[in-house]
Every structure is written in structure tokens, then in C-alpha cells.
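Commentary on secondary and tertiary structure
One-letter residues, chain by chain:
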Amino acid sequence: MATQVFKIPEIYRKNAKYTFCPGCDHGVAVRLVAEVLEEMKCAENTIAVCSIGCSVTLYDFLNLDSLEAPHGRALAEATGVKRAKPDKIVFTYQGDGDFASIGLAESMHAALRGENLTAICINNTTYGMTGGQLGPTTILGQVTTTSPTGRNLEYYGYPIKIAEHIALCDGTAFSARVSLDTVPNIRKAKQAIKKAFEVQAKGLGFGFVEILSTCPTNWRMSPDKAHDRVREEMMPVFKPGVYKDITEG
Amino acid sequence: MAVDCLTDKKVLIKGNYAIANAAVLAGCQCYFGYPITPQSEIGEFMSGKMQELGRAYVSAESELAAINMTIGACATGVKAMSSSSSCAVSLMQEALSYATSDQLPVVLVSVMRGGPGLGNIYPSQGDYFQATKGGGNGDYKLIVLAPSTVQECVDLTYKAFYLAQKYRNPTVLLADGLLGQMMEPVTFKPYPYPEIDNSDWALDGAKERDGRIIRSYAPLADNQCVFLERLYNKYKLIEENETEWEEKDTQGADIVLVSFGSTSRNVKTAAKILRLKGIKAGILRPVTLFPFPSKRLQELSNTVKKFVVVEVNMGQMVYDVKLAVNGKVPVELVHKPVGAPPSPEEIAKRIEELL
Amino acid sequence: MEKDFIIAGFGGQGVLLAGEVLANGFMLDDKNVTWYPSYGAEMRGGTVNCSIAMADEEVSAVQKSDADFIIVLNQASFDKFTSMVKKGGTIIVNTSLAIEKRIRNDINYIFYPITKMAEEKLQNIKMANILSLGILSKVSGLISLETLEKALNNVIPPHRRNLIPKNLEALKLGYEYDLLKV
């Protein structure tokens, strides 16, 4: 007898087809968000704020009320949505450039104010949509189209460790970094995403998950190799883990 | 002194407080702002009042954040606003461009000070271009209302919320440091406009319907063509329905003085001085800067011998007047770069020199 | 008819408040009125002033380059504003903080030790501003003491109500300035 082991969450738009590149982890990340909202039975009460970058297409896949923010301003717009409608579940889905470069002020201040919001940030160490330029999370030595000989300190300085910084904000209720390179890690990622929504639902403050993701196209790698890179190059710099959880002890 | 009341009794109040109190009475549910002189009283008043009423107030980390928070709140269908001044309104241009494309009823109070750059805190009309032509990208228009008295600060704040909702278009109340800081007696009548039903577009959760998307991103060129045509049809409608101006003594006038905002107070008296000297001077004051009363100016150009535009900047509105008059009769400029407007006597004298 | 007033002094002397009380009084008398401050960097200590214009018709210019009545509460303001009194106009000078000196003969001077009076009679130098309004009421004949009393009640915020009796005393003291021996 056949057993169903995988099911597309109901909250996907009908006939939605991913436009993400093959091997890109965005697809998995979006599905995890969808599964969490479905399990929490709150999709009908949710407003998504999409950011600029590959992440903006979220609204093409999830059948949610969605608002598109200018580059970097997702958490400002989410703040406006939530303050206007405090009973809604409001989340942002952003890339690392949006969250931690152009939008760092908005991101940090949303966390500092302890906004009851959930922010999901995809860290793929590059600007994906514009063709693989150096971003705030590009790791030292990494070659990009704007760091042709690799990220060096003289020209570019250091990458930002987002989850650790957000954990330092007093208004943050939950901050974690996860990866999607293996099935067990995908499970952990989903738990973290769920937690980041639960703290919002309980009114405990800012919930944040940084997801280490692949960008096979701009990394010029096969999906397999890209996940190897997540493990071998990214994880030593961006260590997965829960950096703050006020619901634990 | 801050007054918070709904009253037919006259109260003496600063322009900034009048605007803030009117916004509260208009039903503004959310205020987002960042301090800047000469409009800080608006945020100060709102910080107390909104909390007292259980409405939203956020002391934003920047004007970038403030205007985007306003967009977020407006997207849910509530009335929301921000306020700021010149160099900080510059920071908001990107979001205003988005808000026109998102078709969101953002209300922004812009209390002009001297520029460019940090400039100074004194009154100015140097942001006429900023408000009417925009600093954001793409083809768009903001509805722009220009009060000239503190009572108009109240009445046009009401109107700003109404027009923003009615046309789903960002609307700017363009005041200046003089109006913001001066006091004048006003009355606060109830919000006089009908509430606009926004249940067909506001984001409130996709319950028993498909998720709505408020966005400005149109990946296909054709889509964007269709969208812009539609947007500009809306602007045409706004021009037909909402153009507002004040006109006096233009019948049989040889010259018509055109001015807006606080400057028009002095210009009215200047026109009186000129008439006492036997010069047939009338005035025209655009109340809406977009839509601009171009048609009326065009009509007047058939009978008037000269237009004189008076403004406190290096000459901005004068271009819109020239465009309307289209070379039919001369359009002259009397201006002061920054500060309180020239005195009526000085305006009259400088106009006489032009004749 | 339009009458223009300027009140000037140090930041902290309460000139903006005095101006607001005057403007509020004119409003109560059903006049058109505007109040406009010098605003900006100076919070305390710098010179500060406000213009009040009162008219039967609409008030046009809000910032005034001259006035019918000018109150100066310190020397710097006396120096600055003397030239701005309209011909035939009046300047009220606080001689506690400015030297009595007539440099124009086409205006009226009222010299009076306003701060000293506030200190001696009211034990509070901060009352100088309202005391000067009492003088203005008498000198100008354009606003009554009763109206100014009502205006004071409008302007002083609820949490400062306890200051009203003292301010009313100051108004009366100013109004009787010419009957008092200083």
C-alpha cells in the first residue's frame, strides 16, 4: 500500500511553479515556512512582507496577503503592518543583502523595539538576483563578480554574523541559524522557523531565523557541490545554532 | 500649546499642533516619525495622544523607516501618516514612488525649511519641486495640498486623508516652517468626509479568498505599460475633480499675482496696496499644487496682461505657471530665496518695478 | 486696522508665553490674530522674540519688520528692536536689565524696572513677562486686564494651574505701574 510521505502545503497558490534556479535552497525554505504556517493554522491570519532580491517571489508561491517592500525596508513595513493590525501574524522573508546590508538599521531596530514579528533571512553569501556580487555575508577569500580575487580585508572588511547580532538585541525573543544541507538539518530548520513564529504568536518579541542557503548559479556549482560548500566553507564561519531563546530557561 | 479637542470654539494653536490634532480627528490610526525642526511638535503631540487613544505611534529609527512603516500600515487599510521636513523628506522619496505604484493612501506632512542639503530651519518654499515633481524614480504624481493659514492646516489635513483614501494615492500636505510655528485661532469641526470602503484591496489575511499582493514589481514590460496608462488615467480624473484654487479680483485685472502657501498671505495684501495705487491686480492661489490649476491660468491669460509669481525659493512654481500660460503673456518672478515671505510693501514695490 | 506687537528678551524670560497670552486675549476679543516666534537653536539664554499681529481683517504678514508696540526685557533686545518701533509707536523697556536711554524722539518710551518689581513685589523674577503685559494693557488701551486674565487661564496648562494667582497679581501690578513708586 502506498504511503504518502510528502505533500505540498495547501497554502501554495494553485499551479505555482518555482522560478528559483535548480538546487537553490529558497524552494526548501519557502516550503518550510508554508508547512509551519499550515501547522499553526494561521495562514488566513497572516500577512507576508516580501523583500527585494530572489526572495521577492515568495508572493508568487504562497497564497497569502503579501506586501512588497523596497530594498531593505521589509521590517519597517512589517512594523507598520503589525502596529496597524496587532492580531495578525506578520513575517518578512528576506535575503542577507536586504536584511543585513541595506536594511540593517530597520532589522536591528525592529529587534531592539521587540516588535512581535518573525523575520526569515536567507544567507547565501552573495547578491543572487543581480548576478553574484559581494554582499555583507560574503566570506573571506570568496570570489564574487565584485571581489574577483576573493574577499580580502584591505578592500572589503569582514562579513556579518547576523544571528549573533540579532541575539544581542534585548527585544529579540528567538534567534537561530540553520542550514538546509541534510534532511536532519532541514528538520532542525523547520523547528527553528516554527519557534520564530510561536514567539510572535505569544507576543514575546522578535523571532529570527538565518538560513544558510545555496546559490548554485552564482557560485558556479552543481547543487551537490553547493551543499558541500555550505558545510565546508560556510558553517565554520556561520555556525548553526540557537543564539537566543527566551522560552528556554 | 497643544490642544486636543473637537470644538466649535476658537482655540489659539500652532500650525504643527493643528495638523496633528486634525490627523487624530480624521481617524489616523498610526503615526510614524523621526524628529526634525520645524515640525517636531507633530511627533511630540502624537506620541502622547496616540498612546492615550490606544492607537499606534512609533518613534522610527529614520525617515526611511518612518515612511515605510506608514506604507505597511496603509496596506492594511487603516489611515496612517508620517511627517517630516525638507532634507528628511528627501529620504522618503523612494518610498513615495513605491507608494504611488502600490496605490496606497499614504499621508505625509511636509513642513518645508531652507535647503538644499541641511540648509536651515527657517521657512521656505524650496520643496515645491520635491513635492510636485518628486525625487523618486519613474512616472508618478503625489496629490499636494498647500495650506496658507492654520485653519487651512486643519481643513487640508482632513482633505489629505480623504483624497489619499479616495484615489489610493499618496498625498502630501505641504506646509512650511512659518505655518508650522505660527499660532492662529482655529476651530476643529468633525472630519467632514465619508469613509472610503477599502475592503476590496486591503491586506487583512487571505480568508476565504486568494491572497492579495500589493507590489510595484511588474516583471513584464507590457504589464507596466498597461499599469502606467491606468495610473495616469487616475491622475487625469484627479485633475478633473479635485483642482482647487482661490481667486480674487481677477475679473478685469491687468496683472494676476500667483502664489501658494504662507506667501500668499502677504501677496493678498500686496495686491490691495497695488489696487489702492490704481493698478488692477488680482490674485490666484493654488490650493492643490497637484492637480495644478493650469486650465484656469490658461483662461485668464486671454484677458490678463501679465502674471507675477511670488514664492520663497529661487523660482519653482513659476515654471508651472509658464507652462499653463504657454507664452501668451509674460510671466514674471518675484522671489526671496529663503525665510519668511517678503513684506506686502516690498512685494508691491517689486511688482511696480516690473510694470 | 492692524496693530503689531513684538515681545523680546532672553530665552527663559517667558517672552513666547507672554506673546501667547496676548494673542489668546485678542482671539477672545474676536480679533484676527497671529503669533509667530523666532525659533530655532536658542532654547535658553539666547535672545528670543515673538511677533503678534492683531487686525479686524485677515492678518497677512506674520513675521514683522516693525511694530506699534515692542516690549524688550533685556539690553540686547532693546538695542535690536528700538529701530523697529513704528513712528509714533511705543517701546516698553525693562530697566532692570537695560540702560535707560532715549535715542529716538519719534517714539514713546516706557522705562520700568520690570524684573526688580517682580522680584520685590511677587518674589519671583519669572513673573516679569506677565507683568510687562499688564503695562502693555494700560499703555496701549487695546486689550483689557479682564481679557488678559481669561487668556492666562486658557494658556497656562492644567498641571501649572497653581501659578495662575501669582500671574494675575503680576498682570495687575503691571497695569498699575504708573501709580507705584519704584
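Structure: above.
Cut-offs and rules
- Residues numbered from 1 in each chain as written.
- Chains lettered and ligands numbered in written order.
- Predicted model: local features only at pLDDT ≥ 70, side-chain atom pairs only at ≥ 80, totals over all residues.
- Heavy atoms only, no water.
- Helix = DSSP H or I, 4+ residues; strand = E, 2+ residues; numbered from the N terminus.
- Rg over C-alpha atoms; globule rule 2.2 N^0.38 Å.
- Buried < 20%, exposed > 50% of the residue type's maximum accessible area, 1.4 Å probe, protein only.
- Contact = heavy atoms within 4.5 Å.
- Phe/Tyr/Trp six-rings, centres within 6.5 Å; stacked < 30°, edge-to-face > 60°.
- Lys NZ or Arg CZ within 6 Å of the ring centre and 35° of its normal.
- Buried area = accessible area lost by both parts, 1.4 Å probe.
- Salt bridge = Lys/Arg side-chain N within 4 Å of Asp/Glu carboxyl O.
- Polar contact = N/O pair within 3.5 Å; in protein donor to acceptor, adjacent residues only side chain to side chain.
- Pairing = 2+ DSSP bridges.
- Arc of directions from axis to C-beta.
- Patch = residues over 30% accessible without salt bridge, like charges linked within 9 Å, V, L, I, M, F, W, Y side chains within 5 Å.
- Areas by Shrake-Rupley, 256 points an atom, 1.4 Å probe, with all protein chains shown as cover.
- Core = buried A, V, L, I, M, F, W, Y, C linked by side-chain atoms within 4.5 Å.
- Domains from an automatic or database assignment.
- Axes fitted to C-alpha atoms, helices over the stretch in contact; angles between N-to-C directions.
- Parallel < 35°, antiparallel > 145°, perpendicular 65-115°, else oblique.
- Left-handed = near helix turned anticlockwise from the far one by under 90°.

Let's talk about the overall build of chain A
- Scanning chain A from N- to C-terminus turns up ten helices and seven strands.
- Relative to its length of 249 residues, chain A is compact, with a C-alpha radius of gyration of 17 Å against a globular reference of 18 Å.
- Considering only C-alpha atoms, chain A reaches an extent of 50 × 50 × 35 Å along its principal axes.
- Each of the 249 residues in chain A was classed as buried or not, and the buried ones make up 60%.
- Nonlocal contacts in chain A, meaning residues at least 24 apart in sequence, comprise 68% of its contacts between residues at least 6 apart.

Examining the packing of aromatic side chains
- If you walk through the whole model with that rule in mind, you get 23 aromatic pairs over all chains.
- Seen from their ring centres, Y155 of chain A and Y156 of chain A are 6.2 Å apart, and the 45° between their planes marks the pair as tilted.
- You can call Y155 of chain A exposed: its relative accessible area is 70%.
- The exposure class of Y156 of chain A is partly exposed, given its relative accessible area of 26%.
- With a centroid separation of 5.5 Å and 50° between ring planes, the pair formed by Y128 of chain B and F260 of chain B is classed as tilted. A residue pair is termed long-range when its members are at least 10 positions apart, and Y128 of chain B in helix α6 (residues 128-132) and F260 of chain B in the loop between β12 (255-258) and α10 (263-276) qualify at 132 residues. For the pair shown, Y128 of chain B and F260 of chain B are each scored as buried.
- It is R229 of chain A that lies over the ring of W219 of chain A; its NZ or CZ is 4.2 Å from the centre.

Remarks on the arrangement of the chains
- Across the two pairs of chains in contact, the largest number of contacts is found between chains A and B.
- Across all C-alpha pairs, the smallest distance from chain A to chain C is 28 Å, and the two are not in contact.

Section: the interface of chain A and chain B
- On the side of chain B, 37 residues touch chain A, which itself brings 32 residues to the contact.
- Counting the surface lost from both chain A and chain B, the interface buries some 2700 Å², and carbon and sulfur atoms represent 57% of this.
- If you sort the residues of chain A by the area they bury against chain B, E44, D65 and E68 of chain A come out on top, with a joint share of 22%.
- Connecting chain A to chain B are four salt bridges.
- R113 of chain A is the partner of E61 of chain B in a salt bridge, and the nearest nitrogen-oxygen pair spans 2.8 Å.
- Joining chain A to chain B, the criterion identifies 16 residue pairs in polar contact (both at pLDDT 80 or more).
- Elements supplying a minimum of two residues to the side of chain A that touches chain B: β1 (46-50), α2 (58-61), β2 (65-68), α3 (74-84) and α5 (104-112) of chain A.
- With seven residues, the single largest contributor to the side of chain A that touches chain B is α3 of chain A.
- With two bridges joining them, β2 of chain A and strand β10 (residues 213-214) of chain B adopt parallel strand pairing.

Concerning helix α3 (residues 114-122) of chain C
Residues and elements named next belong to chain C.
- When α3 is considered as a whole, its buried residues turn out to be I114, T115, M117, A118 and L122. Taken around the axis of α3, the buried residues stretch over an arc of 160°, which confines them to a single face.
- Where α3 ends, the next residue or the one after it, Q123, has phi of about 55°, a positive value.

A closer look at the interface of chain C and chain B
- Tallying the contact residues gives 22 residues for chain C and 24 residues for chain B.
- Where chain C abuts chain B, roughly 1900 Å² becomes buried across the two surfaces, and 61% of that area is made up of carbon and sulfur atoms.
- Put simply, chain C and chain B have three salt bridges between them.
- In this structure, K268 of chain B and E58 of chain C form a salt bridge, with 3.2 Å as the shortest nitrogen-oxygen distance.
- At the boundary of chain C and chain B, one finds six residue pairs in polar contact (both at pLDDT 80 or more).
- The set of elements that each furnish at least two residues to the side of chain C that touches chain B consists of α1 (15-28) and β2 (32-37) of chain C.

Details of a nonpolar patch on the surface
- On the surface, a cluster of nonpolar side chains totalling about 360 Å² of accessible area is made up of V5, F6 and I8 of chain A.
- For F6 of chain A, the location among the structural elements is in the segment before α1 (26-39).

A word on the nonpolar core
- M46, F307 and V321 of chain B are the most contacted members of the largest nonpolar core, which has 131 residues in total.
- Per-element tally for this core: the top contributor is helix α7 (residues 150-167) of chain B, with eleven residues.
- Here this core gathers at least three residues from each of two domains, domain 1 (7-191 + 229-241) and domain 2 (245-354) of chain B.
- Of all hydrophobic cores here, the second largest spans 47 residues; its members include I52, I92, A128 and A170 of chain C.

A word on unusual backbone geometry
Residue and element names in this part refer to chain B.
- Each neighbour pair has its own omega, and for T37 with P38 the value is 5°, a cis peptide bond.
- By the element assignment, P38 lies in the loop between β2 (30-33) and α2 (40-52).
- P116 follows G115 through a cis peptide bond whose omega is 0°.
- Inspection of the secondary structure puts P116 in the loop between β5 (107-114) and β6 (120-123).
- Even without being glycine, R168 reaches a positive phi, approximately 45°.
- Along the chain, R168 falls in the loop between α7 and β8 (171-176).
- Residue R168 is classed as partly exposed on the basis of its relative accessible area, which comes to 23%.

Considering the packing of α10 of chain B against helix α13 (residues 344-354) of chain B
Residues and elements named next belong to chain B.
- Between α10 and α13, whose axes approach to 8 Å, the crossing angle comes to 55°. The angle between α10 and α13 places the two elements in the oblique class. When you trace α10 past α13, the crossing you get is right-handed. Contact residues: α10 offers N266, V267, T269, A270, I273 and L274, while α13 offers P344, E345, I347, A348, I351 and E352.

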